[in-house]
Amino acid sequence: MNSITGKHDLLQLFMLHRNDLVGYANSIIGERHAAEDVVQDAYFRVIGVEKRKQDRLVLEEPVGYLYQIIRNLCLDSLRKKTRENSYIRKEDLSALTADTGQISPEQHAGARQELIVLRMALNELPEKTRQAFELHRFSGLKLADIARQLDVSLGTAHSMVASALEHCKESLKKKTE
Amino acid sequence: MTDELLIPTKASEWIVLLHDDPDNLSLQRDFLSWLESDVKHREDWQNVSQTWRLLGEVGPLEGQSLPLSSAFPKSFDEDKSKSKKRGLDRTLSSFSSGKSSFLPKSSFTQRASRITGLLVLLLVIGFSLPQFSTRVKYLGADFVNSKARAAVIDLADGSQVTLAPETAIDVQLSQKERRVTILSGVAFFDVHKDKTRPFIVVKNDIQTTVLGTAFLVDEQQDRVSVAVTEGVVRVNRLKQDGVSLQLRPGEGVDFFNARDYKLSNRPVDDIASWRMGYLKVRDQSLGSVVGQIDRFFNGHIFIPDTDVRKKRLTGVFKLEQPHKSLRGIASIHGLEVTEISPWIIILSKK
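Predicted model, so just to flag it, every value in this text is computed and none were measured.

1. Side note on the sheet that holds strand β1 (residues 143-145) of chain B
Think of a sheet as strands paired side by side through backbone hydrogen bonds, with each pair either parallel or antiparallel. Residues and elements named next belong to chain B. The strand order across the open sheet formed by 7 strands is β1-β4-β5-β7-β8-β11-β12, and the pairing between neighbours is mixed. At either end of the open sheet lies a strand with only one pairing partner, and these are β1 and β12 (244-247). Each adjacent strand pair in this sheet contributes to an overall mean axis angle of 20 degrees, direction not counted. Summarising the sheet, strand β5 (residues 178-184) and strand β7 (residues 199-203) pair through 4 bridges and their orientation is parallel. Bridging from a neighbouring strand, Arg-179 pairs with Ile-200 of β7.

2. Some remarks on the packing of aromatic side chains
Taken as a whole, this structure holds 10 aromatic pairs over all chains when the rule is applied. Between Phe-133 of chain A and Trp-52 of chain B, the ring centres sit 6.3 Å apart and the planes meet at 85 degrees, which makes this aromatic pair edge-to-face. Residue Phe-133 of chain A is located in helix α7 (residues 127-137), and its partner Trp-52 of chain B is located in helix α3 (residues 39-58); the two belong to separate chains. The exposure class of Trp-52 of chain B is buried, given its relative accessible area of 4%.

3. Points about the confidence of the model for chain A
Residues and elements named next belong to chain A. In this model, chain A carries a mean pLDDT of 74, and residues with pLDDT of at least 70 account for 66%. Low pLDDT, under 50, characterises residues 54-58; the stretch is placed with 7 contacts to residues that sit more than four places away or in other chains. This stretch, residues 95-111, has a pLDDT under 50; its non-local contacts, to residues over four places away or in other chains, come to 27 contacts.

4. Concerning unusual backbone geometry
One non-glycine residue, Asp-151 of chain A, lies in positive phi territory at about 60 degrees. Considering the arrangement of structural elements, one finds Asp-151 of chain A in the loop between α8 (143-150) and α9 (154-176). Asp-151 of chain A gets classed as exposed once you look at its relative accessible area, which sits at 66%. Despite not being glycine, Ala-272 of chain B has its phi angle at roughly 55 degrees, a positive value. On the basis of relative accessibility, which here comes to 4%, the residue Ala-272 of chain B falls in the buried class.

5. With respect to the packing of helix α8 (residues 286-295) of chain B against helix α10 (residues 322-333) of chain B
Residues and elements named next belong to chain B. In contact at an axis separation of 11 Å, α8 and α10 are set at 165 degrees when each is read in the N-to-C sense. In terms of their interaxial angle, α8 and α10 are classed as roughly antiparallel. When the axes of α8 and α10 are compared, the crossing they make is left-handed. Note on element contacts: α10 touches α8 through Pro-322, Ser-325, Leu-326, Ile-329 and His-333, opposite Leu-286, Val-289, Val-290 and Ile-293.

Calculation criteria
- Residues numbered from 1 in each chain as written.
- Chains lettered and ligands numbered in written order.
- Predicted model: local features only at pLDDT ≥ 70, side-chain atom pairs only at ≥ 80, totals over all residues.
- Heavy atoms only, no water.
- Pairing = 2+ DSSP bridges.
- Helix = DSSP H or I, 4+ residues; strand = E, 2+ residues; numbered from the N terminus.
- Axes fitted to C-alpha atoms, helices over the stretch in contact; angles between N-to-C directions.
- Phe/Tyr/Trp six-rings, centres within 6.5 Å; stacked < 30°, edge-to-face > 60°.
- Buried < 20%, exposed > 50% of the residue type's maximum accessible area, 1.4 Å probe, protein only.
- pLDDT = per-residue confidence, 0-100.
- Contact = heavy atoms within 4.5 Å.
- Parallel < 35°, antiparallel > 145°, perpendicular 65-115°, else oblique.
- Left-handed = near helix turned anticlockwise from the far one by under 90°.

What follows is the structure in structure tokens.
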């Protein structure tokens with residue numbers, strides 16, 4: 001078996017994030033069984049990549065990579081459906097695949113309003129704050145490591161992550177009031 | 001200048017600290033005092049934990065801007081065929097839990113009003129907290145069951161393995177032998193008879209060898225167990241005292257630590273009853289039983305009091321209905337079930 005030296009134990013990370021990942025896939029595909037299949041599929045692909053140690057840059061953020069693969073697998077599966085039974089109108093599909101940052105798969109009909117709100121909220125954050133938050137929430141980095149990586153104090157790292165979350169919470173609150 | 005963290009005043013500040021240092025008991029106690037000191041704190045906490053959880057489904061924006069070309073390995077098709085062989089989840093679409101993980105907001109506030117008089121010493125921080133992940137130290141196991149139900153896989157030699165949730169195994173079939181390593185979790189083996197090569201299951205330093213039979217290898221927090229439902233099995237503890245036992249149907253052994261082990265005898269149907277969707281226990285500790293139910297539950301169940309964990313239980317529990325099982329356990333033993341969120345349950349003294 002490969003020995004990966006890096007802080008990420010992939011299986012461990014996968015298990016930690018699995019429910020999130022299935023929820024994410026589900027928000028695009030709209031079908032829970034298919035979502036679970038996609039997530040498992042994505043996991044094995046990432047393992048395949050790790051085993052061959054290709055493109056180290058990508059593998060430093062395996063969770064982000066998993067989200068990316070899942071997104072692509074979901075879009076592939078939706079494209080297939082379009083060809084098979086015109087289930088999704090062509091216009092909707094191009095909206096899904098446009099990578100403008102404005103339109104996203106999450107805006108597909110059936111996707112949850114909350115996720116759209118949160119995505120926008122994350123986008124509104126200052127770059128460094130969002131980075132700090134993502135490192136904590138998804139990459140599982142400790143605050144001390146985040147502080148070091150972003151060259152800020154421990155207290156600042158903490159308040160950055162907390163304020164990002166606070167902003168997301170407030171955005172969610174505003175939308176549902 | 002000291003790099004110190006200030007004492008949190010908001011739920012968002014707390015949740016970050018709690019995730020940062022999940023084993024810090026005094027932090028958790030401080031959090032609890034904060035939580036209980038004001039009803040508004042509880043509301044804040046629920047909003048924040050709900051937001052935290054939902055963000056998991058949004059995913060990192062950073063990761064989603066990776067160039068497509070590096071996202072797919074060159075030998076794309078090799079991966080595809082491999083994942084087909086391992087596609088246990090594809091055959092299991094009927095096993096998937098259809099449980100929706102979202103509840104309407106109103107039921108959240110209902111739960112909030114039910115949280116009264118908590119006697120909790122430890123608290124959970126987020127349902128993505130790891131019981132599984134602290135046990136799993138391995139990459140890329142051959143088979144992983146990450147779903148909340150049992151999964152059955154067919155091995156190339158004709159044997160069948162049923163994996164409990166949160167189980168990962170490695171399989172090596174060769175001319176000389178058939179070897180399975182349980183990296184983490186619980187598995188039941190229905191071994192195809194093959195006199196030419198023994199079927200060996202290894203878990204930690206416990207090795208179980210068999211020619212063709214059916215048996216279970218189980219792990220709880222405090223022990224590794226082997227129990228036989230059919231045929232004869234030889235169980236060896238490697239490295240230590242060289243304990244070697246032969247077990248027949250109904251017989252089992254629990255290995256507790258480096259030295260101790262205990263033999264057991266149970267009706268064959270009770271062994272690995274979880275394969276049928278229920279848990280049948282006979283005089284097991286509450287902590288151990290809840291630990292097993294937890295495996296089949298999509299969240300996390302906590303028991304803060306040590307003496308609660310030590311209580312003995314006997315009974316049958318339907319694994320598809322963990323909430324019901326927990327309430328049953330609670331009512332028998334005068335305990336309180338508190339749902340901090342649908343995925344975080346605390347079992348405590350009343």
